[in-house]
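Letter by letter, the chains look like this.
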There are 2 protein chains.
Amino acid sequence: MTGTALLTDRYELTMVAAALADGTAERHCVFELFARRLPDGRRYGVVAGTGRLLEALERFRFSADDLASLAPVVDPATLDWLRDYRFTGDVDGYPEGELYFPGSPVLTVTGSFADAVVLETLALSIFNHDCAIASAAARMVTAAAGRPLIEMGSRRTHEEAAVAAARAAYLAGFATTSNLAAGARHGIPTAGTAAHAWVLLHDDEPAAFASQVAALGTGTTLLVDTYDIRRGIDHAVAAAGPGLGAVRIDSGDLGELARQARDQLDSLGATGTRIVLSGDLDEYAIASLRAEPVDSYGVGTSLVTGSGAPTAGMVYKLVEVDGRPVSKRSSAKESRGGRKAALRRFKPTGTAVEEVVYPYGSDPVAGPHDRVLAVPLVRDGKVVADEPLTDLQAARERLRTALVAVPWEGLKLSRGEPAIPTTFLTGS
Amino acid sequence: MTGTALLTDRYELTMVAAALADGTAERHCVFELFARRLPDGRRYGVVAGTGRLLEALERFRFSADDLASLAPVVDPATLDWLRDYRFTGDVDGYPEGELYFPGSPVLTVTGSFADAVVLETLALSIFNHDCAIASAAARMVTAAAGRPLIEMGSRRTHEEAAVAAARAAYLAGFATTSNLAAGARHGIPTAGTAAHAWVLLHDDEPAAFASQVAALGTGTTLLVDTYDIRRGIDHAVAAAGPGLGAVRIDSGDLGELARQARDQLDSLGATGTRIVLSGDLDEYAIASLRAEPVDSYGVGTSLVTGSGAPTAGMVYKLVEVDGRPVSKRSSAKESRGGRKAALRRFKPTGTAVEEVVYPYGSDPVAGPHDRVLAVPLVRDGKVVADEPLTDLQAARERLRTALVAVPWEGLKLSRGEPAIPTTFLTGS
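Residues numbered from 1 in each chain as written. Chains lettered and ligands numbered in written order. Predicted model: local features only at pLDDT ≥ 70, side-chain atom pairs only at ≥ 80, totals over all residues. Heavy atoms only, no water.

1. A short note on the overall build of chain A
Stated precisely, the cut-off is as follows: Helix numbers and strand numbers start at the N terminus; a helix is a DSSP run of H or I with at least 4 residues, a strand a run of E with at least 2. The buried label applies to any residue whose accessible area, calculated with a 1.4 Å probe on protein chains only, is under 20% of its type's maximum; exposed applies above 50%, and partly exposed to all values in between. The contact rule is simple, with two residues in contact once any of their heavy atoms fall within 4.5 Å. Only the protein chains shown count as cover for residues, and all accessible areas are computed by the Shrake-Rupley method using a 1.4 Å probe. None of His or the chain ends enter the tally, which takes Lys and Arg as positive and Asp and Glu as negative. For the purpose of locating charges, the reference atoms are NZ of Lys, CZ of Arg, CG of Asp and CD of Glu.
What chain A contains, in helices and strands, is 15 helices and 19 strands. With the C-alpha coordinates aligned to their principal axes, the bounding extent of chain A is approximately 80 × 55 × 35 Å. Buried positions account for 61% of the 428 residues belonging to chain A. Within chain A, counting contacts between residues at least 6 apart in sequence, those at least 24 apart form 73% of the total. With an accessible surface of roughly 15,200 Å², chain A has 52% of that area assigned to carbon and sulfur atoms. Considering chain A, the positive charge centre built from 43 side chains and the negative charge centre built from 53 side chains are found 4 Å apart.

Shown next as structure tokens:
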């Protein structure tokens, strides 16, 4: 596997160089990764990326080629240090699929300054991307109200971001992805229909459909909107018979077209044939189709771009040095010093009430309805996470459970405040 | 290097399977990659990604592991075909750094259906990402009016998208990037300052600055807004002397702070010390700082998210089969059949007038001020591009020249129509 150590901002390594020179490199530090706020109007965020980060951490090594490229950047002593670099600290964090709110300490990295500072860019890249996608995806899953969603946005984003987006979408409840690498790497079920090119390649639509059914079976999904949708559905049922798996409609007034398609399919005896809609769907469009006879949705652009919030706005901040709380003080970007932990308070009914962020080491757990949120992920550089990094099923289940506990207003798609407030307790 | 063949949507391979079965796999096809429209209000797009695509094409091979993962997806005959897959067709396209407009045939792929269809997702992923970033970056470069821009958005996007974003930004005229992998892979100059963590790590700001100067020299950039900016600048000049390279301010009212910093630096004799501003800058914020004493800008989030347009909206459409023009006809997503070429018309003064898209093989060149836009990139599967894939300098120069030719209204940041209209000529 390729190394990940150069996926890093230059200043991290020059800070290491200066810190090795002045002796501060070994100071014991705590960095926290968190979002100061949610994207505008969003009610909650979904943690995603933890598994990817831990996997990337194991590949965070500077190769000989990497070091050669860094020769103009840092001094020889620093190159030597980088050559031997292995992260030997600890990491704690919210598990994937957990919700987060403003200030939630989603990830805590402890170790020497030099050990921990070099992970800043990689950790932020992974969390800012994956949390943005998972958070948008979760809203789409809610909007779909139980109908399956197919992730098909690979072509609208960077080719490797596409694989991570498919993973984040699946984690958030999508049923399948079109991305084959996501299937191979993460075990996500893949799905696909056919493109308009398939119909255009053939002499006519009936020939294209007959060929697709011959090769892929009657359970396949035929794309019926290349020419005229009504004739397309006729051709589709003629090709596959009333046992046709599904038809896909990718353009036009999707709600109206779905109704017409359902009527037509039923009249042709294809009462079990499903209707798949795609074409610039986002969570609002999905919600607006709730009353229509739709069986599943294909979502592309809006998913991989975080539906208006393509980055989660997470930051990675030094909060403690040799046990001393530290924080920036000059502006609105102020942060809270000192290592923190968090718990979520619930009503006896199970509804979440607040996110409580408190000084690490204090214990404000007040009763059986408080749940501490972070878990140990890495100890002395070794991954110790409870569940396998690849266990997306557990993350899906965790998110499902967490969303059930959100106050109902928090699940609305409309803009508003975070679903629960964050309370910051200070040291006593 | 890792293979790229699985960065593909499942339906491309199932279409190949069906086409191999029915004999259409060998039909000679032309696919065109283009944008139906520019992002809302944008005046032009910048072509970026061509070099990355050609490099990815050489790694588009199905490994044994890839094929094993595809066993549940396609039949054994198709697996055999994939095992031997090498692209053997032709590719033509606009060179990197060229402008594009709605309908510009940015990339043309010709070959058998099976050869060409499997490249759809990878080609779109690369162009939709890289063009989105380069197009946003070019506006920022224009807004900066000659002041250098530092790309520092890696942490706000997927870790590999970050490297591509740094490349696209440099291609569009950014001076440097913070991303070390972009430096190592693409030869882009890297730059860096220090984080607030650097100051917080130390016992006080003077100690932090003294250490940074000792390790990195007086030419370094000191981050002065961790506590109080005025005192920070005092500490900075005390640490480095009046020969200090630069100070960075990352928060607050940047214009006001830049003026105060300039006055203070000058009064301390540090008249040559540069002022670097960062902190949620986009092209509008950069433009608004034009009258202020700023020496360079660090741009992060807005760059890597395409400043509101994170994807370029490119599509990859089959337009010709065995010499027969084909096109979808059902809806607003209609496209124009037949292989096309394009030229740009200029006034004798050098100002661009229109983008002319015409049937390939016809010759509407009307005079010395018409410039044909596409160049050969691949012939019979072999890269034949005129310039090395890594020649970002040529792309920078090409874009600079192309932007000079844009009518002046087209360089305004405000929303509007494309800078020049696209005229579609039909076959005679």
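2. Notes on helix H15 (residues 392-404) of chain A
All names here are of chain A. Let me state the cut-off plainly: For a helix, the expected span equals 1.5 Å multiplied by the number of residues minus one. Note: the arc covers the axis-to-C-beta directions of the helix. N or O atoms closer than or at 3.5 Å make up a polar contact, with two conditions inside protein: a donor-capable atom paired with an acceptor-capable one, and, for residues adjacent in sequence, both atoms drawn from side chains.
The end-to-end C-alpha separation of H15 is 18 Å, in line with the 18 Å expected for 13 residues at 1.5 Å each. Looking only at H15, the buried set comprises Leu 392, Ala 395, Arg 396, Leu 399, Ala 402 and Leu 403. The buried residues of H15 occupy an angular sector of 130° when the element is viewed end-on, so they sit on one face. Taken together, the buried residues of H15 touch strand S2 (45-46), strand S4 (99-100), helix H6 (120-144), helix H7 (159-171) and helix H8 (180-186). N-capping of H15 is provided by Asp 391, with a side-chain oxygen placed 3.3 Å from the backbone N of Gln 393.

3. Section: the packing of helix H2 (residues 50-58) of chain A against H6(A)
Residue and element names in this part refer to chain A. Keep this limit in mind: Throughout, an axis means a line fitted to C-alpha atoms (over the contacting stretch in the case of helices), and angles, computed between N-to-C directions, take values from 0 to 180 degrees. When describing relative orientation, an angle under 35 degrees is termed roughly parallel and one over 145 degrees roughly antiparallel, while 65 to 115 degrees is termed roughly perpendicular and anything else oblique. Less than a right angle of anticlockwise turn of the near helix away from the far helix marks a crossing as left-handed, whereas a clockwise turn marks it as right-handed. All residues other than Ala, Val, Leu, Ile, Met, Phe, Trp, Tyr, Cys, Pro, Asp, Glu, Lys and Arg, Gly among them, are scored as polar; the first ten of these are nonpolar and the last four charged.
Running from amino to carboxyl end, H2 crosses H6 at an angle of 155°, the nearest separation of the two axes being 9 Å. Considering their axes alone, H2 and H6 lie roughly antiparallel with respect to each other. Seen from above, H2 lies across H6 with right-handed handedness. Across from Thr 50, Arg 52, Leu 53 and Ala 56 in H2, the residues of H6 making contact are Leu 122, Ala 123, Ile 126, Phe 127 and Asp 130. When its residues are assigned to classes, the contact of H2 with H6 shows six nonpolar, one polar and two charged.

4. Considering the sheet that holds strand S3 (residues 90-93) of chain B
Residues and elements named next belong to chain B. Counted only if it meets this: At least two DSSP bridges between two strands are required for those strands to pair.
In spatial order, the strands read S13-S12-S1-S5-S3-S17-S18; together these seven strands make up an open sheet with antiparallel pairing. Across the chains shown, the open sheet's two edge strands, defined by having one partner strand only, are strand S13 (324-325) and strand S18 (382-383). Pairing geometry for S3 and strand S5 (residues 107-112), over four bridges, is antiparallel. From the neighbouring strand, Asp 92 faces S5, where its bridge partner is Thr 108. Along the sheet, helix H2 (residues 50-58) contacts S5, strand S17 (375-379) and S18; its crossing angle with S17, the most-contacted strand, is approximately 10°. Against the sheet, helix H6 (residues 120-144) engages strand S1 (28-35), S5 and strand S12 (314-321), with an angle of about 140° to S12.

5. Structural notes on the interface of chain B and chain A
So the rule is basically this: A quick way to say it: buried area is the sum, across both parts, of accessible area lost when two parts are put together, with a 1.4 Å probe. We define a salt bridge as a side-chain nitrogen of Lys or Arg found within 4 Å of a carboxyl oxygen belonging to Asp or Glu.
At the interface, 89 residues of chain B touch 89 residues of chain A. For the pair chain B and chain A, the two sides together bury roughly 7,100 Å², of which 61% comes from carbon and sulfur. When the area that chain B buries against chain A is broken down by residue, the three leading residues are B:Arg155, B:Leu180 and B:Leu201, summing to 12%. Joining chain B to chain A, the criterion identifies 10 salt bridges.

6. Notes on the relation of the copies chain B and chain A
The condition that has to hold: Least-squares fitting of one copy onto the other uses the C-alpha atoms of those residues that reach a pLDDT of at least 70 in both copies.
Under the fitted operation, chain B is carried onto chain A by 0.0 Å of movement along the axis and a turn of 180°, and the coordinates agree to an RMSD of 0.0 Å. Such a combination of rotation and displacement between the chain copies is what one expects of a two-fold axis. When the interface residues of chain B are mapped onto chain A, 100% of them again lie at the interface, so the same face is used by both copies.

7. A short note on the side chain of A:Ser135
All names here are of chain A. Structurally, Ser 135 is set in helix H6. Taking the relative accessible area as the measure of exposure, Ser 135 reaches 4% and is therefore buried. From its side chain, Ser 135 meets the backbone oxygen of Cys 131 in a polar contact 2.6 Å long. What Ser 135 contacts, discounting residues up to four positions off in sequence, is Arg 42, Gly 45, Val 46 and Tyr 100.

8. Focus on the packing of helix H10 (residues 205-216) of chain A against helix H1 (residues 10-22) of chain B
The contact between H10(A) and H1(B) brings their axes to 9 Å, and the two run at 105°. Judged by the inter-axis angle, H10(A) sits roughly perpendicular to H1(B). Taken together, the residues of H1(B) that come into contact with H10(A) (itself represented by A:Ser211, A:Gln212, A:Ala215 and A:Leu216) are B:Thr14, B:Ala18 and B:Asp22. A breakdown of the residues in the contact of H10(A) with H1(B) according to their chemical character gives three nonpolar, three polar and one charged.

9. Section: helix H4 (residues 76-83) of chain A
Residues and elements named next belong to chain A. Those residues of H4 not exposed but buried are Thr 78, Leu 79, Trp 81 and Leu 82. Taken end-on, H4 shows its buried residues confined to a sector of 160°, consistent with a single buried face. Considering only its buried residues, H4 is in contact with helix H1 (10-22), helix H3 (64-70) and helix H5 (113-117).

10. A few points about the pairing of S3(B)
Pairing between S3(B) and S17(B): three bridges, direction antiparallel. Residue B:Val91 lies in a different strand from S17(B), and its bridge partner there is B:Val378.

11. Considering the UniProt feature "domain: Nicotinate phosphoribosyltransferase N-terminal" (unreviewed entry) in chain A
For clarity, the cut-off: UniProt positions are given in the numbering used here, feature names are shortened, and annotations may be inferred rather than shown by experiment.
Taken from the UniProt record, the annotation "domain: Nicotinate phosphoribosyltransferase N-terminal" (unreviewed entry) applies to residues 6-128 of chain A. With 41% helix and 18% strand, residues 6-128 of chain A has its two end C-alpha atoms placed 18 Å apart.

12. Observations regarding the packing of aromatic side chains
What counts, and what does not: The criterion for an aromatic pair is that two Phe, Tyr or Trp rings (for Trp, the six-membered ring) have centres within 6.5 Å, with stacked assigned to planes under 30 degrees apart, edge-to-face to planes over 60 apart and tilted to the rest. Ring-over charges, as used throughout, are those where CZ of Arg or NZ of Lys falls within 6 Å of the ring centre and within 35 degrees of the ring normal.
With the rule as written, the count across this model stands at 14 aromatic pairs over all chains. With 6.3 Å between their ring centres and 35° between their planes, A:Phe31 and A:Phe113 make a pair best called tilted. Within this pair, whereas A:Phe31 is found in strand S1 (residues 28-35), its partner A:Phe113 is found in helix H5, the two being separated by 82 residues in sequence. The two residues A:Phe31 and A:Phe113 agree in class, both being buried. Look at B:Phe60 and B:Phe62: their rings are 5.8 Å apart centre to centre, the planes differ by 90°, and that puts the pair in the edge-to-face class. Look at B:Phe62 and you get buried, because its relative accessible area is 6%. When the ring centre of B:Tyr170 is taken as origin, the NZ or CZ atom of B:Arg396, which lies over that ring, is 4.0 Å away.

13. Considering the domain arrangement of chain A
All names here are of chain A. Put simply, the rule reads: Domain extents, as shown, originate in an automatic or database domain assignment.
Split by domain assignment, chain A resolves into domain 1 (10-133 + 309-424) and domain 2 (146-305). One C-alpha centre belongs to domain 1, the other to domain 2; they are set 37 Å apart. Each partner contributes to the interface: domain 1 provides 21 residues, whereas domain 2 provides 19 residues. Counting every contact that joins domain 1 to domain 2 gives one salt bridge. Of the charged contacts, one joins Glu 96 and Arg 167 as a salt bridge, the two residues approaching to 2.8 Å between their closest N and O atoms. Our count for the contact surface shared by domain 1 and domain 2 stands at five residue pairs in polar contact (both at pLDDT 80 or more). Of all the elements in the fold, those that place two or more residues in the side of domain 1 that touches domain 2 are H2, H6 and H15. Looking at which element gives the most residues to the side of domain 1 that touches domain 2, the answer is H15, with five residues. Of the residues that constitute the side of domain 1 that touches domain 2, the class distribution is 11 nonpolar, five polar and five charged.

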